[in-house]
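# Structural features, examined
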Amino acid sequence: MSNWLVLVCLILLTCAVCGRVATMFGQNRVIGEIVAGILLGPTLLGAWFPQVSAEVLTPDSMEVVRALGELGLILLMVEVPWHAAGAGQRRGGQRAPALIASLGIVLSFSLGCVIGAWSKASIAPTQPYWSYVIFCGVAMSVTALPVLVRVIQEHGGIDGQAGRLALSAAVYTDVFAWFALALVMTLQFSGAAGTFESVFRVGGLAAYASLTFLVVRPWLKNRVGDTALSERSRVAVALIYCLASAQVTAMLGFHQAIGAVMAAYVFHDLFSMEQAWRRWIGRFGHLFLTPIFFACSGIQVSLGALNEPGLWLWLLFFLLGGTVGKVLGSYIGARVSGLEPIVSIEVGVLMNTKGLVELVILGVGLQEGVLSESSYSVLLMLALVSTALTSPLISLFGKCSGKRAVGYKSSPHTGV
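### Considering helix H13 (residues 256-267)
- Taking 1.5 Å as the rise per residue, H13 with 12 residues should run 16 Å; its terminal C-alpha atoms sit 18 Å apart, in good agreement.
- Burial runs high along H13: 10 of the 12 residues are buried.

### As for the nonpolar core
- By size, the foremost hydrophobic cluster in this structure holds 61 residues, and its most contacted members are Ile34, Met77, Tyr132, Trp178, Phe318, Leu362 and Leu380.
- Considering every element that reaches this core, the biggest residue donor is helix H8 (residues 129-141), with 8 residues.
- Excluding anything up to four places from it in sequence, Leu380 contacts Ile34, Ser297, Val301, Leu359 and Leu362.

### Overview of the packing of helix H5 (residues 59-77) against H13
- Put simply, H5 and H13 touch, their axes get as near as 8 Å, and they point 30° apart. One element, H5, and the other, H13, form an angle in the roughly parallel class. Crossing of H5 over H13 shows right-handed handedness. Of H13, the residues touching H5 (which contributes Glu70, Leu73, Ile74 and Met77) are Gln256, Ala257, Ala260, Val261 and Ala264.

### Some remarks on the pattern of salt bridges
- Counted under the stated rule, the structure contains 1 salt bridge.
- Residues Arg278 and Glu274 are paired through a salt bridge, measuring 3.2 Å at the closest nitrogen-oxygen approach. Of this pair, Arg278 and Glu274 both sit in helix H14 (residues 273-299), separated by 4 residues, roughly a single helical turn.

### With respect to the side chain of Ser330
- Within the secondary structure, Ser330 sits in helix H15 (residues 309-336).
- Among all residues touching Ser330, those that are not within four sequence positions of it are Ile100, Gly104, Gly348 and Met351.

### Looking at empty space enclosed by the protein
- The final tally for this structure, using the stated rule, is 3 cavities of 30 Å³ or more.
- The volume enclosed by the second largest cavity comes to roughly 40 Å³.
- If you go around the second largest cavity, the residues you meet are Leu75, Leu76, Glu79, Trp277, Ile281, Gly282, Gly285, His286 and Thr290.
- Residue assignment for the lining of the second largest cavity shows that the elements contributing at least two residues are H5 and H14.

### Quick notes on the confidence of the model for the protein
- Confidence in the prediction for the protein averages 79 pLDDT; 82% of positions are at 70 or higher.
- Within the protein, helix H7 (residues 95-123) carries the highest mean pLDDT (91), whereas helix H6 (residues 80-89) carries the lowest (60).
- Between residues 88-92, whose pLDDT stays under 50, and residues either more than four places distant or in other chains, the model counts 5 contacts.

### Points about the packing of aromatic side chains
- The final tally for this structure, using the stated rule, is 8 aromatic pairs.
- Between Trp314 and Phe317, the ring centres sit 5.6 Å apart and the planes meet at 65°, which makes this aromatic pair edge-to-face. Within this pair, Trp314 and its partner Phe317 are both found in helix H15, separated by 3 residues, close to a single helical turn.
- Here Phe317 falls in the partly exposed class, since its relative accessible area comes to 26%.
- Ring pairs connect the aromatic residues Trp118, Trp314 and Phe317, which therefore count as one cluster.

How each quantity is defined
Residues numbered from 1 in each chain as written. Predicted model: local features only at pLDDT ≥ 70, side-chain atom pairs only at ≥ 80, totals over all residues. Heavy atoms only, no water. Helix = DSSP H or I, 4+ residues; strand = E, 2+ residues; numbered from the N terminus. Expected span 1.5 Å × (residues − 1). Buried < 20%, exposed > 50% of the residue type's maximum accessible area, 1.4 Å probe, protein only. Core = buried A, V, L, I, M, F, W, Y, C linked by side-chain atoms within 4.5 Å. Contact = heavy atoms within 4.5 Å. Axes fitted to C-alpha atoms, helices over the stretch in contact; angles between N-to-C directions. Parallel < 35°, antiparallel > 145°, perpendicular 65-115°, else oblique. Left-handed = near helix turned anticlockwise from the far one by under 90°. Salt bridge = Lys/Arg side-chain N within 4 Å of Asp/Glu carboxyl O. 1 Å grid on protein atoms, 1.4 Å probe; cavity = no way out; pocket = protein on both sides within 12 Å on 5 of 7 lines; lining within 4 Å. Points joined across faces, edges and corners; volume = space filled by probe spheres on them. pLDDT = per-residue confidence, 0-100. Phe/Tyr/Trp six-rings, centres within 6.5 Å; stacked < 30°, edge-to-face > 60°.

Structure follows, in structure tokens:
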């Protein structure tokens, strides 16, 4: 059996076990899948069984696994517009969600930049200064909409108003995250390839986005009534378009996830595509490809790099700064919007949930050289801890307010 096939089977088996254990402890499956990757990486398998690790985690097998993980990420990004649309249908007014998102972003982004500038000499000494500092601000200010959807669906102790406002605000935060990621990549290009190439790439991305939303989507909407394609054929066309769009943004120097999201917004509300996509592709992606992506994120983490007490101290600083900035900023926005204190706190805790968006951004940062291995490990641990804290904090606030707090329900699907 090929090494890459052995590695894929090992990853899926470990993800299934760790995901199940995570749900037993009231956590989302994504936590277990990232932990599975950490166990298969240099932290456990590489340290305790170096010969097995060398035979399984070969460069060729890891290249195949990373490719499968990237495919899983692209398929997962296709579902982001459906989560956003679901939140939009429940939104009502825009003022409160926009205010919650804005204040949460401003405070956490500012603290992230300050801590990033403070930590650079210690954990990212060779990285470009402004790219790294702004990247830290972005990493601390994001909210993972898909993870938030799953948390709200599976936790019975969340106030309904808090859940609706957090989902709506997370839509704005997601938009900010993608624009901020493009900005960081622009700064990175400026240092590596010059201002002209940076402007050319950004202009190319803007032109492609304009073509996508101003030409392709209106044309497709006008053709909805004329199409005679079967459901399977429509899903196949959508898949090919998403892969092609991801490749276009990759050729422009941006991450494939940006192109996948843009393509998804073209057809997400047409042809009853959500049900068709989940039926033909989504289930397979969640069971086999998405766990590989999350596990790959964990494999790249070496907790051995955190043996230095200074790195744990930086993790504490990032965790405190990110949590205080996001929770306090969102709390202030909710209070200004007229919400009760306990509901405002719940909104802040929910907005501090990280996951998919954080992992995508961190993966891009490591791949493009914005992050060092040490800073990547610290920020990924930040994402894990902040996501894992969501459920216990919601339950705690629920008990304090006299509400019945219910933990996670068992779910057969992969949490994202």
